Amino acid sequence: MNRLSLLSRRYIIAAIMLALVGQACTFSLFENPINPGNPTPIPDITIPSPTPQPVAQTTFIVTLPEPLQPSETLAIAVMDEVTGLSLNALQYPMSARDSLTYTAVLPVPYNSIVKYRYVRRGDSQVIEDTSLGTVIRYRLHFATAPAEVQDIIADWGDKSYARPTGTILGQVFNSDTGSPLPNLLVSAGGVHYLTDSLGRFELSGLPVGTQQLIAYSLDGMYQPFQQGATVADGRATIVDLRVKPAQLVNVTFMVTIPESTVPGVPVRIAGNILQLGNTFADLLGGVSTNTDRMPVMNLQPDGRYEITMGLPAGAHIQYKYTLGDGFWNAEHKADGQWNLREFIVPTQEMTLEDTVSAWSAGDSAPILFELTVPSVTPPGDIIYIQFNIFGWMEPIPMWPLGNQRWAYKLYGPLNVLGSFSYRYCRNGQCGSADDAQTIGSAPSGRQALTSILGQDILDTVGTWKWYENPEPTTLVGANITPRADSFVAGVEYQPTYRPNWSYYAPQAFANTQALGANFAVLTPSWTYTNISPLRFTTVPGQDPLWIDSAIMISQARALGLNVALFPTPNFPASADASTSLSTNFWLAAPRDAEWWQTWFTRYRAFAVNYADLASQTGSQILVLGGDWVTPALPGGTLPDGNPSNTPADVETQWKAIIADVRSHFNGQVFWAMPYTPSSIKTPLNLLQDVDGIYLLWSAPLSTSQSATKLDFANEAGRILDNEVAPLVSLLNKPIILAIAYPSASGAASGCVANGTGGCFDLLALSRPDADISSIGLDLQTQADVYEAMLTALNARSWISGFISRGYYIPAALQDKSTSIHSKPAADILWYWYPRLTGVVK
């Protein structure tokens, strides 16, 4: 089987899963289902027995960095990523062989993947972490037979140790085709890495000795591979891994739920692979599964629920049934314990017949939440409820009743709650699209108290924050000259990402198409997790996985949109909103010769990764560069004006990166560069190697409070003619204006003042970041600037495209950000785009 067909198969499977989760709000609630006739007979096939699976006795042997204190003990914690890593771990005490060596024997089901980590228990529990100080989510072991697993603890969360370390690096290939594989999790010593498009991985900071190395497919489409690898002090051990693709088998899940369940409500399956909602990320409240990514089962005439899925043969599946996620309203056993089911997918089709004993545990009665929302709530929105017991957790979609009414019945785990907080939000964006009574990331919320008596809580949302009173825009007609078919009219989406955004991407693309746009510009990311030593890779939960980006590209293209990819990095977080994260990154970097070489190596891998993604998904344009790379250009300067000390061969490095990208991608390669008054900071020699310029434009148009749209248009025209047109003429390449103006006071001046003589980074105004109350909201000026820029473009045929930057995918918000989603500026584009592209004459 060739590589393209394997990738296509994965895309199709994932697309089917998105269709399944899209059924979430098609149920009729609070009415008994109508039986249209006799139920369809169940095929006469063998149902797997609920008896325990055969187990492999596995001996875990771990070496500590120092002896335990007399009052301390050691445990191995077997993790449950379906309920939540911090919520349902099973701890097994370990026995000492000597002061530094401990052991435990656990029965592990054959062919299963066990996720575990070590815990030091004393006055408090301390989890092991890596030598780099990052917490270990879990280690992995593939239990194919009885075995000894040798581990070395590098550090504890409350102390660090100076010890020799090394690195394991290599590539993962498809054993049948020899093709490199992206998006596989490679792990050793609790250090994780997701492979890039060339199958590359790098596991750094591992204690010297023999480490267990495992390659694990997040969707199970490749069989796990496991072997030992020797780590030497200060050395890199190179290991290439070959994994075998798995065949798909139809598995039918059929479940009977408690009679006390509200009739017709959606039942989902939460599980340990991507297709069952696992994000492999640390989400709010310690969970990893996301409701919006789980498959929704089909209600049958006899009241049972059923779904048939193609699952990979040999995959170890852990799952549970739920009315919420892996924690809220998930099934329990009759004794009140969490119920986590598991099986190995066989090579033949199978049906699982299950029964949910209970959705709750303990004596607390269910609580019904009924909600009425404002009439201005967008008709396609889904209302979510979010709970807080030891911190705000992932929001759960409510059940629609019609006529602006929603409901959700909370069954469990009420036994651990007592009093708790809750709140409502739109499209799962709690902290951004909030009920005006409970805004932000840390509100006190509404209050509830468990009881042995059933409760019905009636609530009303009076106003949605950032969507209080949306009103249509008054449009002024203009004589617009249609452009050539190659003219780009597009929308660039905000680079921030959360796993539930994928669910709302199709609607964002439909909105983009409705504006008359012909291009969708996606901004997939990697994250700088460490500055020195430099680490730059995909972080689940913060960056879209390869498969997530591929699906979104497919969805955009299915609507007739062309696609451009503009890869954008995430930077380490900072509490200082007045300074951009990229500025903090560059100022903190050592920028010596070794660091620069690593930086260019990492950026090349980043660019090639997305060149491969663009090529394999049929994207038309790849955009490299960005305002953040300015310090890495020839003659580069830091944000504070000081030299960045780039290496002498910096231009050669960049030209080699562009050439490498072109060897992987046959489409157009554009270079993103910021417009800076009276200064072009990208060398012309570098620009000669690309196909066009993607000009990042937030130019100052006026500082006057009384400036008009005509004033804005005249100043934009002056800048374009005097400072941009000469560059276009010199290069003889197309230029696309990619504009970003927030709907905030001072936007037209090109600077939203931060109060210390500088300007706020425009991303700081975007959700989910906290609102900056010192800045005023100004929707009209944003719309006026858009109209002025389009007027200036209309008079200059040498401009090849117009892009609106910063579109917020998951919800309509009339906030202060650069997003135009449901703002007056969007109405301006709705008028101009179809006329510029000639769709409307």
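Keep in mind that what you see is a predicted model, and the values were worked out from it rather than measured.

Considering the sheet that holds strand S31 (residues 446–449)
At step 1: Taken in spatial order, the four strands of this open sheet run S27-S26-S30-S31, and their pairing is antiparallel. Of all the strands in the sheet, the pair left with one neighbour each is strand S27 (396–397) and S31.
At step 2: Both strand S26 (residues 383–388) and strand S30 (residues 419–426) contribute to a ladder of six bridges, which runs antiparallel. Within the sheet, the bridge partner assigned to Asn388 lies in S30 and is Ser421.

Structural notes on the pattern of salt bridges
At step 1: Overall, the coordinates contain 31 salt bridges when judged by the stated rule.
At step 2: Among the salt bridges present, the one from Asp354 reaches Arg341, with a minimum N-O distance of 3.3 Å. In this pair, Asp354 sits in strand S24 (residues 350–355) while Arg341 sits in strand S23 (residues 341–344), placing the two residues 13 residues apart along the sequence.
At step 3: On the basis of relative accessibility, which here comes to 15%, the residue Arg341 falls in the buried class.

What about empty space enclosed by the protein?
At step 1: This model, assessed by the stated rule, comprises 11 cavities of 30 Å³ or more.
At step 2: In this structure, the second largest cavity occupies an estimated 130 Å³ of space.
At step 3: What lines the second largest cavity is a set of 13 residues, among which Gln494, Tyr497, Thr523, Met552 and Ile809 lie closest to the centre.
At step 4: For the lining of the second largest cavity, a count of residues per class yields nine nonpolar, four polar and no charged.

Description of the confidence of the model for the chain
At step 1: On average, residues of the chain score 92 in pLDDT, and 93% of them are at 70 or above.
At step 2: Long-range and interchain partners of residues 1–6, a stretch whose pLDDT sits below 50, account for 12 contacts in this model, where long-range means more than four residues apart.
At step 3: Of the regions scoring below 50 in pLDDT, residues 15–49 engages in 63 contacts with residues more than four places distant in sequence or in other chains.

A short note on the packing of helix H9 (residues 779–794) against helix H10 (residues 824–836)
At step 1: The contact between H9 and H10 brings their axes to 8 Å, and the two run at 20°. Compared by their axis directions, H9 and H10 come out roughly parallel. Here H9 runs over H10; the crossing is right-handed. Every residue of H10 that contacts H9 at Leu779, Gln782, Ala783, Tyr786, Glu787, Leu790, Thr791, Leu793 and Asn794 is listed here: Pro824, Ala825, Ile828, Leu829, Trp832 and Leu836.
At step 2: Class assignment of the residues belonging to the contact of H9 with H10 gives a composition of 11 nonpolar, three polar and one charged.

Looking at the state of the cysteines
Disulfide: a covalent bond connecting the sulfur atoms of a pair of cysteines.
At step 1: All told, the structure shown has two disulfides when counted by the stated rule.
At step 2: Note that Cys425 is cross-linked by a disulfide to Cys430, the S-S spacing being 2.0 Å. An S-S torsion of about -75° defines the bridge between Cys425 and Cys430 as left-handed. For the pair shown, Cys425 and Cys430 are each scored as buried.
At step 3: With its sulfur 1.9 Å from that of its partner, Cys751 forms a disulfide with Cys759.

Details of the packing of aromatic side chains
At step 1: Counted by the stated rule, this structure contains 51 aromatic pairs.
At step 2: Between Tyr116 and Tyr118, the aromatic rings sit 5.8 Å apart at their centres with planes inclined by 85°, giving edge-to-face as the arrangement. Neither Tyr116 nor Tyr118 differs from the other in exposure class; each is buried.
At step 3: Between Trp596 and Trp599, the aromatic rings sit 5.9 Å apart at their centres with planes inclined by 75°, giving edge-to-face as the arrangement. Here Trp596 pairs with Trp599, and both are found in helix H5 (residues 593–617), just three residues apart, close to one helical turn.

Concerning the sheet that holds strand S29 (residues 405–410)
At step 1: With respect to topology, four strands assemble into an open sheet ordered S28-S29-S25-S32, the strand pairing being mixed. Among the strands making up the open sheet, the edge pair consists of strand S28 (399–402) and strand S32 (455–460). When strand polarity is set aside, the average angle formed by the axes of neighbouring strands in this sheet is 25°.
At step 2: Here strand S25 (residues 367–372) pairs with S29 via six bridges, running antiparallel. By the bridge assignment for S29, Ile367 is matched with Leu410.

Concerning helix H2 (residues 501–514)
At step 1: Between the first and last C-alpha of H2 there are 20 Å, a value that for 14 residues agrees with the 20 Å anticipated at 1.5 Å per step.
At step 2: Those residues of H2 that fall on the buried side of the exposure criterion are Trp501, Ser502, Tyr503, Tyr504, Ala505, Ala508, Phe509 and Thr512.
At step 3: Phi for Gly516, located one or two positions after H2, is positive at around 95°.

Some details on the nonpolar core
At step 1: Counting residues in hydrophobic clusters, the biggest one holds 109 residues, and the most contacted among them are Trp599, Tyr603, Trp654, Trp671, Trp697, Met789 and Phe802.
At step 2: In terms of residue count, the dominant contributor to this core is H5 (12 residues).
At step 3: Beyond its immediate sequence surroundings of up to four residues, Met789 is in contact with Trp697, Leu701, Ala716, Leu737, Ile739, Tyr741 and Phe802.
At step 4: Core analysis: the second largest hydrophobic core is formed by 86 residues, Met79, Phe327, Leu352 and Tyr467 among them.

Reading the values: the criteria
- Within each chain, residues carry numbers counting from 1 in the order of the written sequence.
- Residues qualify for local features only when their pLDDT is at least 70, as the model is predicted, and side-chain atom pairs are given and counted only at 80 or more; totals for whole chains, interfaces and linings, by contrast, use all residues.
- Side-chain metrics rest on all non-hydrogen atoms present in the structure, leaving aside hydrogens and water.
- Between any two strands, pairing holds if DSSP finds at least two bridges.
- Numbering of helices and strands starts at the N terminus; helices are DSSP runs of H or I of at least 4 residues and strands are runs of E of at least 2.
- A side-chain nitrogen of Lys or Arg and a carboxyl oxygen of Asp or Glu constitute a salt bridge if their distance falls within 4 Å.
- Each residue is placed in one exposure class: buried if its accessible area under a 1.4 Å probe, protein chains only, is under 20% of its type's maximum, exposed if it is over 50%, and partly exposed if it falls in between.
- In this analysis the probe radius is 1.4 Å and the grid spacing 1 Å, with only protein atoms considered; a cavity is a set of points the probe fits into but cannot get out of, a pocket is an open set with protein on both sides within 12 Å along at least five of seven lines, and lining residues have an atom within 4 Å of a point.
- Grid points are joined across faces, edges and corners, and a volume is the space filled by probe spheres set on the points.
- Classification used: nonpolar for Ala, Val, Leu, Ile, Met, Phe, Trp, Tyr, Cys and Pro, charged for Asp, Glu, Lys and Arg, polar for all others including Gly.
- What pLDDT conveys is the predictor's confidence in a given residue, as a value from 0 to 100.
- Contact between two residues is taken to exist if any of their heavy atoms lie within 4.5 Å; hydrogens are not considered.
- Between the N-to-C directions of two axes lies an angle of 0 to 180 degrees, each axis being a line fitted to C-alpha atoms and, for a helix, fitted only over the stretch in contact.
- Put simply, angles under 35 degrees are roughly parallel, angles over 145 are roughly antiparallel, angles from 65 to 115 are roughly perpendicular, and the rest are oblique.
- By convention, the crossing between two helices is left-handed when the near helix turns anticlockwise from the far helix through less than a right angle, and right-handed when the turn is clockwise.
- Cysteine sulfurs are considered disulfide-paired once they come within 2.5 Å of each other.
- Put simply, two rings from Phe, Tyr or Trp (the six-membered ring, in Trp's case) pair if the centres are within 6.5 Å, and we call them stacked under 30 degrees between planes, edge-to-face over 60, tilted for the rest.
- Expected span of a helix: the number of residues minus one, times 1.5 Å.
- Take the buried residues of types Ala, Val, Leu, Ile, Met, Phe, Trp, Tyr and Cys, join any two whose side-chain atoms come within 4.5 Å, and each joined set is a nonpolar core.

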